[in-house]
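# Structural characterization, general
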Amino acid sequence: MHFFAYSQEMSPVSWNREVASPSLSPASPELDVISLGRRVRHLRKQAGLTLDDLSAAVGTAPSQLSLIENGKREPKLGLLQQLAASLNVSIDQLLGAEPPSRRAALEIELERYQRGPLYESLNLPKIRISSRLPLDVLESQVGLLQELERKLNEQVATPEEARRANGELRAMMRERGNYFPEYEAEAQKVLKGVGYTTGPLSQHVIADIAENLGFTLHHVGDLPHSTRSVTDLKNRRIYLTQSQRQDHDPRSVLLQALGHYVLGHETPRNYGDFLAQRVATNYFAAALLLPEQATVEFLQKAKAAKEIAVEDIRDAFAVSYETAAHRFTNLATKHLGITTHFQKTHQSGIIYKAYENDGVTFPQDHTGAIEGQPSCKAWTSRAVFDVPDKFSAYSQYTDTPSGTYWCTARTERSANGEFSLSIGVPYQHVKWFRGRETTARATSNCPDPNCCKRPPASLANEWAGNAWPSARAHSHLLAAMPPGAFPGVDETEVYSFLAAHSER
């Protein structure tokens, strides 16, 4: 198991940093003492003065002046004025933002790095910065530290970066109709290798698949909390939890772990790689649980009878409703000629997962990301939360700016709350689905903010300015994505776990 960084575009480190303006007190924390010190030294040498000469002119000891030039002491306003007068410059020039020379800029940058947490973490001796330090050495050191900082910054994927990567991945999936023949082929090879013929994929058959691929399975009670499974490639073991309390089908978890091996995945280079691998292994697992040929035959019969229903797929192959819905989106366009969309929405209205190739207008941000956006209150994915019958699927027609869509949805609970799982198709395809006779209908004008983002005028007129809600802070929205090639996974915890179990 390896851990690498994932990328993010970073702006180059600037030579210019903000410094205090002359109107600020020199005691202000905004005063850049490093830049000031290098400027004083440059101006002193430019004037042909020694430390002793300048210290005599301003009435301070040479040692104190040396501390100022080295950025280790902050001068008071009176001394700043004396220095400016002795060096024949204004206070503005003395506190200028631009380094006086290329060398001074390099010295300033190297000094900043050496005082920062990055350099401290390297546990390296500090370089004494003086006029005797060659310019090429300065440039090399600063260049190395800039590149190191850039690479470390690339490990921090912000929520914006994650959304952008998700948007790019979804565009690719839309282009392919959410169908990946290469994953289907690999799944068929695996099933053929264990002599699978038909019927739901049992835990016993899945264990045979693992064995056929050269892995042994180990159910443990101390699986690292940040993981769903851990694969030991050295000893060819797959560790799974023995806990009965989990939100994921244990068969899917194991098949996804095997998928990384079968599909030849390497450690993700960036967050986009991580997302693409996750989609690939999810697809691979679904292609094993619901084999292409058997599932397509089942769907074609249902289409001929005009009785397509996600719950029937779920029951026929003994999988979760969500897995059945995902698998339908894999095969519907390629084999049935039906364009579709899928949506997983939290009870708060926030979209967690979404996919479409039928032209439906999902809410999205400037990066094209859908996840994290609020779903329209008129959509089936939101209306289903208010339906008294939680056992049956809820169907609804929704008129939107991009056309009329029929959707079917149901809700499921998990450790993270209640979610709706919704599959939808354009009106021309509804004739193939059970539930088309529904009389439930709604109108959505989103993305027009007057649809459901803004309160009705009557409410706004009465309460605007008279309400002050205490917001539930979602601090995670401001945080970076968890670092590492496998976001959120504790590397030390995983390695310690493997070391402990490899001895058993």
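Note that the structure is predicted; figures quoted are calculated from it, not measured. (Residues numbered from 1 in each chain as written. Predicted model: local features only at pLDDT ≥ 70, side-chain atom pairs only at ≥ 80, totals over all residues. Heavy atoms only, no water.)

### Overview of the sheet that holds strand E2 (residues 229-232)
Taken in spatial order, the 3 strands make up an open sheet running E1-E3-E2, and their pairing is mixed. The strands lining the two open edges of the sheet, one partner per strand, are strand E1 (216-220) and E2. Neighbour to neighbour, the strand axes of the sheet diverge by 20 degrees on average, direction disregarded. Relative to strand E3 (residues 237-241), E2 is paired through 4 bridges, and the arrangement is antiparallel. (Pairing = 2+ DSSP bridges. Helix = DSSP H or I, 4+ residues; strand = E, 2+ residues; numbered from the N terminus. Axes fitted to C-alpha atoms, helices over the stretch in contact; angles between N-to-C directions.)

### Quick notes on unusual backbone geometry
Trans peptide bonds make up most of the peptide bonds, and negative phi angles are found at most residues other than glycine. Cys 446 connects to Pro 447 through a cis peptide bond whose omega is 15 degrees. Note that Pro 447 resides in the loop between strand E9 (441-443) and helix H18 (449-452). Even without glycine at this site, Asn 178 takes up a positive phi of about 60 degrees. Unusually for a residue other than glycine, Lys 306 sits at a positive phi of about 55 degrees.

### Remarks on the pairing of E2
Alternating residues of E2 divide into Val 230 and Asp 232, all buried, and Ser 229 and Thr 231, none buried. Taking the residues that link successive antiparallel strands as the turn, the E2-E3 hairpin has 4 residues, and the phi of Arg 236 there is positive, at about 55 degrees. (Buried < 20%, exposed > 50% of the residue type's maximum accessible area, 1.4 Å probe, protein only.)

### Quick notes on the side chain of Thr 281
Note that Thr 281 resides in helix H13 (residues 271-289). In contact with Thr 281, other than residues within four places in its own chain, are Gln 256, Gly 259, His 260, Leu 263 and His 265. (Contact = heavy atoms within 4.5 Å.)

### A closer look at the environment of Ser 55
Locating Ser 55 in the fold gives a position in helix H2 (residues 51-58). Judged by relative accessible area, Ser 55 falls into the buried class, the value being 5%. Taking C-alpha positions, Ser 55 is 9.3 Å from Ser 66, a pair spaced 11 residues apart along the chain. For Ser 55, the contacting residues outside a window of four places in its chain are Thr 60, Ala 61, Pro 62 and Leu 65. Separated by 2.9 Å, the side chain of Ser 55 and the backbone oxygen of Asp 52 make a polar contact. (Polar contact = N/O pair within 3.5 Å; in protein donor to acceptor, adjacent residues only side chain to side chain.)

### Comments concerning the pairing of strand E4 (residues 341-346)
In terms of burial, E4 is a largely internal element, 6 of the 6 residues being buried. Covered by surrounding structure in E4 are His 341, Gln 343 and Thr 345 together with Phe 342, Lys 344 and His 346, the residues of both alternating faces. Alignment of E4 against strand E5 (residues 351-356), held across 5 bridges, turns out to be antiparallel. Its bridge partner lying in E5, Phe 342 is registered against Tyr 355. The antiparallel hairpin formed by E4 and E5 contains 4 residues in its connecting segment, where Gly 349 sits at a positive phi of about 100 degrees. As paired elements, E4 and strand E8 (residues 417-426) share 6 bridges and run antiparallel to each other. Bridging across to E8, His 341 finds its partner in Gly 424.

### As for the packing of aromatic side chains
Under the definition given, this model contains 12 aromatic pairs. Between Tyr 352 and Phe 419 the ring centres are 4.9 Å apart and the planes differ by 80 degrees, which places this aromatic pair in the edge-to-face class. Of the two residues, Tyr 352 sits in strand E5 while Phe 419 sits in strand E8, which places them 67 residues apart along the sequence. Following the ring pairs from residue to residue traces out a cluster consisting of Phe 180, Tyr 183 and Tyr 283. Lying across the ring of Phe 215, Arg 236 places its NZ or CZ 4.5 Å from the centre. Its end group placed over the ring of Phe 419, Lys 344 keeps NZ or CZ at 4.9 Å from the ring centre. (Phe/Tyr/Trp six-rings, centres within 6.5 Å; stacked < 30°, edge-to-face > 60°. Lys NZ or Arg CZ within 6 Å of the ring centre and 35° of its normal.)

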